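A closer look at the structure
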Amino acid sequence: MTTTSTSERREVTAIAGGVGEPVLRPDGGAKVDGSFEFSSDRSVDGELWAVTVRSPHPRARILNVDVSAAVALPGVAAVITADDVPGVNGFGLIASDQPVFAVDEVRFVGEPVAAVAATDAETCARAAELVVVTYEVLEPLLDAERAIDGTFEPIHPDGNLIRHQRIVRGDSDFVGEVIVEGTYEIGMQDQAFLGLEAAVAVPDADGAGVELLVATQWLHEDRRQIATCLGVDEERVKLTLGGVGGAFGGREDISLQVHVSLLALVTGRPVRAAYSRSESFIGHVHRHPAAIWMRHHADRDGTLRKVEARFVLDGGAYASTSSAVLINAVTHAQGPYRCENAVVDGYAVRTNHLPCGAMRGFGVVQACFAHERQMDRLAAACDMDPVDLRLLNAMETGDHLITGQRVENVAPVARCIRETMALPLPEPETEDHVLSLPGGAGLTADGSVVRGVGMAVSIKNLMYSEGFDDYSTARCVVRDGRVALKFATAEVGQGFVTIAMQIARTELGLADVDFESIDTAVGSAGSTSASRQTWMSGGAVVEACRGVVGQILDQVATDRELDRDGLRIEGEWVTADGVPVVMVAEAVAGHLFEFTAEYHHPETTELDEYGQGDCHTAFAFTAHRAVVDVDPDLGLLRVVQIATAQDVGRALNPLSVVGQIEGGVAQGLGLAVMEEIIQTNGVIRNASFTDYLIPTIADMPPVVISLVEEPDPRAPLGAKGVGEPPCISVTPAIVAAVDDALRKAGRRVSPLTRVPIRPQDIALAGEGSTATVGS
Amino acid sequence: MKRVETECTLTVNGVDHAVSGLHPGESLLDTLRERCGLRGSKGACEEGECGSCTVLVDGEAVCSCLTMAAAVSGRSIVTVEGIGEAGAADLQDAFLRAGAVQCGFCTPGLIVAADALLTRNSSPSVDEVREGLAGNLCRCTGYGRIVEAVLDTASQRREQP
Amino acid sequence: MPVLIPENLAELREAACSHDPVLLAGGTDLMVALNHRSQRIESDLTVVSLAQVPELRSWSHDPTSGELTIGSGITWSQLERAPFDALAPALAQAARTVGSPQIRNAGTIGGNIATASPAGDGLPVLLALDATVDSVGSDGERSTPLSELLTGTKRTSLAPGEVIVAVRFKVDDGWQGYAKIGVRNAMVISVAGVALVLDGTARRARIALGSVGPTVLLAGEASAFLTSEFDWDAWTCSEATIATVAEMAAEESRPIDDHRSTAEYRRHGVRVLTSRLLKRGRERR
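What counts, and at which threshold
Each chain has its residues counted from 1, following the order in which its sequence is written. By the order in which they are written, chains take letters starting at A while ligands take numbers starting at 1. Side-chain atom pairs in this predicted model are given and counted only at pLDDT of 80 or more, local residue features only at pLDDT of at least 70, and totals for whole chains, interfaces and linings cover all residues. Where side-chain values are given, they derive from all heavy atoms of the structure, hydrogens and water being excluded. We count a stretch as a helix when DSSP gives it H or I for four or more residues in a row; a strand needs E for two or more, and each element gets its number in order from the N terminus. In this setup the radius of gyration rests on C-alpha atoms only. A globule is expected at 2.2 Å times the number of residues raised to 0.38. Only protein chains enter the accessibility calculation, which uses a 1.4 Å probe; a residue whose area is less than 20% of its type maximum is buried, one above 50% is exposed, and one in between is partly exposed. Contact between two residues is taken to exist if any of their heavy atoms lie within 4.5 Å; hydrogens are not considered. Accessibility throughout is a Shrake-Rupley quantity obtained with a 1.4 Å probe, and a residue counts as covered only by protein chains that appear here. For the charge count, each Lys or Arg is scored as positive and each Asp or Glu as negative, with His and the chain ends excluded. Think of each charge as sitting on NZ of Lys, CZ of Arg, CG of Asp or CD of Glu. To estimate the expected span of a helix, count its residues, drop one, and scale the result by 1.5 Å. A quick way to say it: buried area is the sum, across both parts, of accessible area lost when two parts are put together, with a 1.4 Å probe. The salt bridge definition used is simple: a Lys or Arg side-chain nitrogen within 4 Å of an Asp or Glu carboxyl oxygen. Any pair of N or O atoms that falls within 3.5 Å is considered a polar contact. Within protein, one atom must be able to donate a hydrogen and the other to accept it, and sequence-neighbouring residues count only if both atoms are side-chain atoms. As a rule, the C-alpha atoms of each element are fitted with a line to give its axis, helices using only the stretch in contact, and angles between N-to-C directions run from 0 to 180 degrees. Angles are sorted into four bins: roughly parallel if under 35 degrees, roughly antiparallel if over 145, roughly perpendicular if 65 to 115, and oblique for all others. Working rule for handedness: look at the near helix, and if it is turned counterclockwise from the far one by less than a right angle, call the crossing left-handed; if clockwise, right-handed. In this classification, Asp, Glu, Lys and Arg are treated as charged, Ala, Val, Leu, Ile, Met, Phe, Trp, Tyr, Cys and Pro as nonpolar, and every other residue, Gly included, as polar. Domain segmentation is taken from an automatic or database assignment of domains. Two strands pair under a simple rule: DSSP has to find at least two bridges between them. The aromatic pairing rule takes the rings of Phe, Tyr and Trp, using the six-membered ring of Trp, and pairs them if the centres are within 6.5 Å, calling planes under 30 degrees apart stacked, those over 60 edge-to-face and the rest tilted.

1. A closer look at the overall build of chain A
- Scanning chain A from terminus to terminus reveals 18 helices and 29 strands.
- The globule rule puts the C-alpha radius of gyration for 775 residues at 28 Å, and the 27 Å found for chain A is close to it.
- Seen through its principal axes, chain A has C-alpha atoms that stretch 85 × 70 × 60 Å.
- Within chain A, the proportion of its 775 residues that are buried is 67%.
- Long-range contacts, defined as pairs at least 24 residues apart, comprise 81% of the intrachain contacts of chain A with a sequence gap of at least 6.
- Summed over its atoms, the accessible surface of chain A is roughly 24600 Å², and 49% of this surface lies on carbon and sulfur atoms.
- Charged side chains in chain A number 61 positive and 108 negative. The centres of these two groups are separated by 2 Å.

As structure tokens, this is what we get:
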């Protein structure tokens, strides 16, 4: 080590690639050349393949399961059923109400009954066909209201009502000068991540434990559930994150984890499994379909005075996170607006439909669609511009939710609205191309296309709620001048690894950051969900790095006999009272530093019987404006542009934030105009990418973005979560734009109340419709 | 007449791969992934609706999941593992720089499809990019950065032919 | 499971006649069935690939008779572009709506006919063009009107091992067009599709419908009415005629409710698309 080089040019130099810069993904190179290993790309010598045998009935009694023919097929190593589950035959994120394999009764089409391990996928498929399950078909519960009114026998020992929550605030008898009401329906949406569920389980040396490589959102929670089902200590189950091809909530629940782990233990061999697309549609939870009634009361000038609402969320056969989704929905019923009076009832119910749970937006998507449609109705009833109505009622820091909770966060609602509306409208089309018209290459459109504009606003809670002790863990090691970060944070594509690298550079002043394996060999990071990892795991990385910074500064103080209190890291330098002393890279050479930190967010409380309590941690706000071209006669649409201003606190990586916003907009657009899982008598009808449509590149308009950066003092580095907010108010904004277009076309008086909008909802609309033969 | 039983030779990225044990009707995607050790091409729908498995066969972008492996023996196959050397390294770099990659599962197929698009049309308009890549689903990015990456590559190629 | 890859028509006839083969064209239907295991090729079956038979990938146009002959192995990508976009614009329009670029690079017009899906995008156009299908089988060659070849939902009168060689139809300087409703703006299965051909030489109109019946349908009454009401000399027809024809076509459709749409909307779609196509045809747009 020489000190001359640094003493000659003692000027603080910034660290490149730190917080705030559009740094590129560290895993990006491998992702563009095909070498990045997703969980489905991992194979192990001597592996068996596994496949799941599933129920064809939404509800049936299992009379007999005969696996003998399957076992006898050459190449089959094992066939397992409920009888083979050594631990608890039940799992779930909140309640352990879902069996690993059905016992006595199946409760949805696709429920696992058995699993097969064999030498290859083809043999697995043939063996699965040879498993003979004898069912007595039972009448399924498909009407959510019958789960509430108690007129249907319990379809599960835990009953048909998963949770009821009431919120009563202020004057429940208040009657406003202006009252609007409506009933809204949100279809079941699928996460439709591209990388299908896949895992490889390898039995450990003594065959009592298992190592599992899996694409998931929360390694430690998976481990807890797997160990419980296997009947082993958690230490015997080691999880490593396989490359994750998107998640969006759909990997928060267990899917194939227990099946492959158990098959590995039973056969004593590595077991690999990968879902097909059709299996994925029934193998993971979905966004809850919802029926929501709302009645808004306001003064004649548009001041919102009272919200009444009733939510019914169809949770499907098992609880998953339904109870938490319900709380999110009911506590966001007022939207990002002041409102002192509320009466809200919410029900999450069990039916024999596909199970529902987490999906990006988590209950707030449903609530926002309803409250924003209501705000448009209220604007019409008050004869106000919908933007002005929203500005009049916009929430600010210090306002209260209908739960009584005070919003402590930065709350730039009005600014989000104003900045969104100030963004430029789309330029006139310069290109004569089929994709510039609704119906695209189908050449359906003629001159009757009408353009509409709509907008909507959302509030979204960040991180976990209701008293959950939420934390994340990170370890920072500095060795030979390089930083190594260790955490169990699931990188699912969102780019946490990029953010972590930037944080380490900024905190430590060191350029080279490596990542250790993402696995259960370090403390939990919590789930990659709830827009929480930048805040939570980012907070843990900040704390871990700052722990190391303290050690480095101690070392420098000792080495150079300097006053410790005056030492800082600024840019690439250690400074003493602001004066550069030594470059960090030089100061750490030959030393080893290590610090592990756990970051906890502020405590929250549960709701009381009136739905009162400080149940949420933090909030972020977003506004969207949509421009949509509508072919009223055919009901076909083309979204022309989305504009959005989002309250991000601080953009730690602007490129990543834009990516989250554009991706979230695409999912909200999908819900607005095409995405819905359709079940008939409990049977999914469109379990494929041919029939479950998600937006293609030809369906996605340009997104113009304004980042509202008001650093939140409660957040580490001032940054709010940006994952969920982009996909919420875009849906009602698009629907509002369609309504606007239809009004201009003289086609419709009453607002659209359902998503996704189907062509027939427009083309065959009843009231106000003047649909005639072509125009 | 050519006759293929359970063995054949596939020419992938200029290298001959002798494969054996083919299942009846086995897709090129499965063969590439499970017999040639080339796992860059991804499967996400099994029916040609997502484009994640896109490869070039004699220069044409096709879904390898809908291509029977035995039927393309002797034809020139290019996958994402070879597309950089085949001239698309700039496109790969543009995807990375533009932020067109998040989870990355769709990326290999997109890069192959985008390369085919630019081969056919060196100066595509925005709508031509959108029509040309409509067969490649992406669930993370919302496609905005992907359009930008393809247009950037096209303009750079025009400047530095 | 041998896969035979004949390299000329003679080899193909040998391969197809001497076995009971599974015919592989572009693979865009067969491979889906195999991947989903809804169809399985047992190891004693023979697959015959049609991809490398040059005769199936050729086409010809006889300007005197106006007949266009398209080899069954011609892909949608080829049909989208010259010369087909000028010779058979409705077929080019249909081609452009088929799946994705990757699907269009692989999928062939012959495969579309053989699969005989009511949602097959090429079929309404070929039906409206009154196309004839040339095939070879163990009984030799035959030519069959498409309307006779299509016998039901995914059913044809093709015998096992019978191979479609080409599809033929006459083109003239009249007008033809295709329009298709899908819920997404690209890569989508048809919810309803309509093809209209105004044959100026024969002075005959034909309207065919896709995705609104067990197979593609010729709207016979609407076609006949339009043939008689269209003013072929002045190349026009009245608004009332358009409304009546559209209504007749809608009435002739036989749609069902399914997960992709409703019967009511599909019928409505036929009405609107027929009307729009006829207006385009009248103005030669």
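2. Section: the environment of Gly150 of chain A
Residues and elements named next belong to chain A.
- Inspection of the secondary structure assignment puts Gly150 in the loop between helix 5 (144–149) and strand 7 (161–169).
- With a relative accessible area of 56%, Gly150 lands in the exposed category.
- Separated by 190 residues in the primary sequence, Gly150 and Glu340 place their C-alpha atoms 33 Å from one another.

3. As for helix 13 (residues 496–508) of chain A
All names here are of chain A.
- Between its terminal C-alpha atoms helix 13 stretches 18 Å, which fits the 18 Å expected from 13 residues at 1.5 Å a residue.
- Where burial is concerned, most of helix 13 is hidden: 12 out of the 13 residues are buried.
- On its buried side, helix 13 packs onto strand 17 (471–479), strand 18 (482–487), strand 19 (513–515), helix 14 (533–560), strand 20 (567–570) and helix 15 (584–588).
- Once helix 13 ends, the next one or two residues include Gly509, with phi positive near 70°.

4. So, the interface of chain C and chain A
- With 36 residues of chain C at the contact, the number on the chain A side is 44 residues.
- Around 3200 Å² of area is buried between chain C and chain A when both sides are counted, 53% of it from carbon and sulfur atoms.
- Summed over the three residues of chain C that lose the most area to chain A, namely Arg184, Asn185 and Arg276 of chain C, the buried surface amounts to 25% of that side.
- Along the contact surface separating chain C from chain A lie 9 salt bridges.
- For Asp446 of chain A, the salt bridge identified is with Arg285 of chain C, shortest N-O distance 3.8 Å.
- Along the contact surface separating chain C from chain A lie 18 residue pairs in polar contact (both at pLDDT 80 or more).

5. Looking at the packing of helix 10 (residues 220–229) of chain C against helix 11 (residues 239–252) of chain C
All names here are of chain C.
- The N-to-C vectors of helix 10 and helix 11 enclose an angle of 165°; their axes lie 7 Å apart at closest approach. In terms of orientation, helix 10 lies roughly antiparallel with respect to helix 11. You can see that helix 10 and helix 11 cross each other, and the crossing is left-handed. Counting all contacts with helix 10, which are made through Gly220, Glu221, Ala222, Phe225, Leu226 and Glu229, the residues of helix 11 involved are Thr241, Thr244, Val245, Met248, Ala249 and Glu252.
- Along the lines of polarity and charge, the residues of the contact of helix 10 with helix 11 split into 6 nonpolar, 3 polar and 3 charged.

6. What about the pattern of salt bridges?
- Applying the stated rule across the entire model yields 89 salt bridges over all chains.
- Where Glu145 of chain A meets Arg310 of chain A, a salt bridge forms, and the shortest distance between an N and an O atom there is 2.8 Å. In this pair, Glu145 of chain A is assigned in helix 5 and Arg310 of chain A in strand 14 (residues 304–314), connecting sequence segments 165 residues apart.
- On the basis of relative accessibility, which here comes to 33%, the residue Glu145 of chain A falls in the partly exposed class.
- Residue Arg310 of chain A is classed as partly exposed on the basis of its relative accessible area of 28%.
- Salt-bridge contacts for Arg13 of chain C lead to Glu141 of chain C; the nearest nitrogen and oxygen are separated by 3.3 Å.

7. Some points on the domain arrangement of chain B
All names here are of chain B.
- Looking at the assigned domains, one finds that chain B contains domain 1 (8–78) and domain 2 (87–159).
- With centres defined by C-alpha atoms, the gap from domain 1 to domain 2 works out at 22 Å.
- Taken together, the contact pairs 12 residues of domain 1 with 11 residues of domain 2.
- Between domain 1 and domain 2 lies a buried interface of about 820 Å² when both sides are counted; carbon and sulfur atoms form 64% of it.

8. Digging into the sheet that holds strand 4 (residues 54–57) of chain B
All names here are of chain B.
- Strand order in the open sheet made by the 5 strands is 3-2-6-4-5, with mixed pairing throughout. At either margin of the open sheet sits one strand with a lone partner, and together these are strand 3 (15–19) and strand 5 (60–63). Across the sheet, the mean angle separating the axes of adjacent strands is 40° when strand polarity is ignored.
- Of the pairings in the sheet, the one linking strand 2 (residues 8–12) to strand 3 comprises 5 bridges and is antiparallel in character. Along strand 3, the bridge assignment pairs Thr9 with Ala18.

9. Side note on the interface of chain B and chain A
- With 50 residues of chain B at the interface, the matching set in chain A holds 60 residues.
- A per-residue breakdown of the area chain B buries against chain A is headed by Gln102, Arg130 and Arg139 of chain B, which together make up 21% of the total.
- We note a salt bridge from Arg272 of chain A to Glu34 of chain B, for which the minimum N-O separation is 2.9 Å.
- Among the elements that make up the side of chain B that touches chain A, the one with the highest residue count is helix 2 (residues 80–98) of chain B (7 residues).
- Taken together, the residues of the side of chain B that touches chain A break down into 22 nonpolar, 13 polar and 15 charged.

10. With respect to the domain arrangement of chain A
All names here are of chain A.
- Domain assignment breaks chain A into domain 1 (4–36 + 471–600), domain 2 (40–139 + 210–272) and domain 3 (415–455 + 619–775).
- Here the C-alpha centroids of domain 1 and domain 2 sit 40 Å apart.
- With 17 residues of domain 1 in contact, the opposing surface of domain 2 contributes 17 residues.
- For the pair domain 1 and domain 2, the summed buried area comes to about 1200 Å², and 55% of that belongs to carbon and sulfur atoms.
- Linking domain 1 with domain 2 are 0 salt bridges, by the criterion used here.
- Inspection of the region where domain 1 meets domain 2 yields 9 residue pairs in polar contact (both at pLDDT 80 or more).

11. Some words on the environment of Glu55 of chain C
- Residue position: Glu55 of chain C is located in the loop between strand 3 (47–49) and strand 4 (59–62).
- Taking the C-alpha atoms as reference points, Glu55 of chain C and Ser72 of chain C, 17 residues apart in sequence, are found 8.9 Å from one another.

12. Comments concerning the pairing of strand 12 (residues 271–274) of chain A
- For strand 1 (residues 48–54) of chain A and strand 12 of chain A, the ladder comprises 2 bridges, and the chain directions are parallel. Paired with Leu48 of chain A across the bridge in strand 12 of chain A is Val271 of chain A.

13. A few points about unusual backbone geometry
- For the bond from Val755 of chain A to Pro756 of chain A, the omega torsion is -5°, close enough to zero to count as cis.
- The amide bond that connects Ala82 of chain C to the next residue, Pro83 of chain C, takes the cis arrangement and shows omega of 0°.
- Residues other than glycine seldom take positive phi values, yet Arg284 of chain C does so here, at roughly 50°.
- Tracing the backbone through its elements, the reader meets Arg284 of chain C in the segment after helix 12 (263–282).

14. Some thoughts on the packing of aromatic side chains
- One pass over the structure, following the stated rule, counts 15 aromatic pairs over all chains.
- Consider the rings of Phe36 of chain A and Phe38 of chain A, whose centres lie 4.8 Å apart with planes at 70°: the pair is edge-to-face. Of the two residues, Phe36 of chain A and Phe38 of chain A, both sit in the buried class.
- Ring centres of Phe108 of chain A and Tyr318 of chain A lie 6.2 Å apart, and the angle between their planes is 75°; this geometry places the pair in the edge-to-face category. Of the two residues, Phe108 of chain A is situated in the loop between strand 4 (105–106) and strand 5 (112–118) and Tyr318 of chain A in the loop between strand 14 and helix 9 (322–331); the sequence distance between them amounts to 210 residues.
- On the accessibility criterion, Phe108 of chain A (2% relative accessible area) is buried.
- Taken together, Phe36 and Phe38 of chain A together with Phe105 of chain B form an aromatic cluster joined through their ring pairs.

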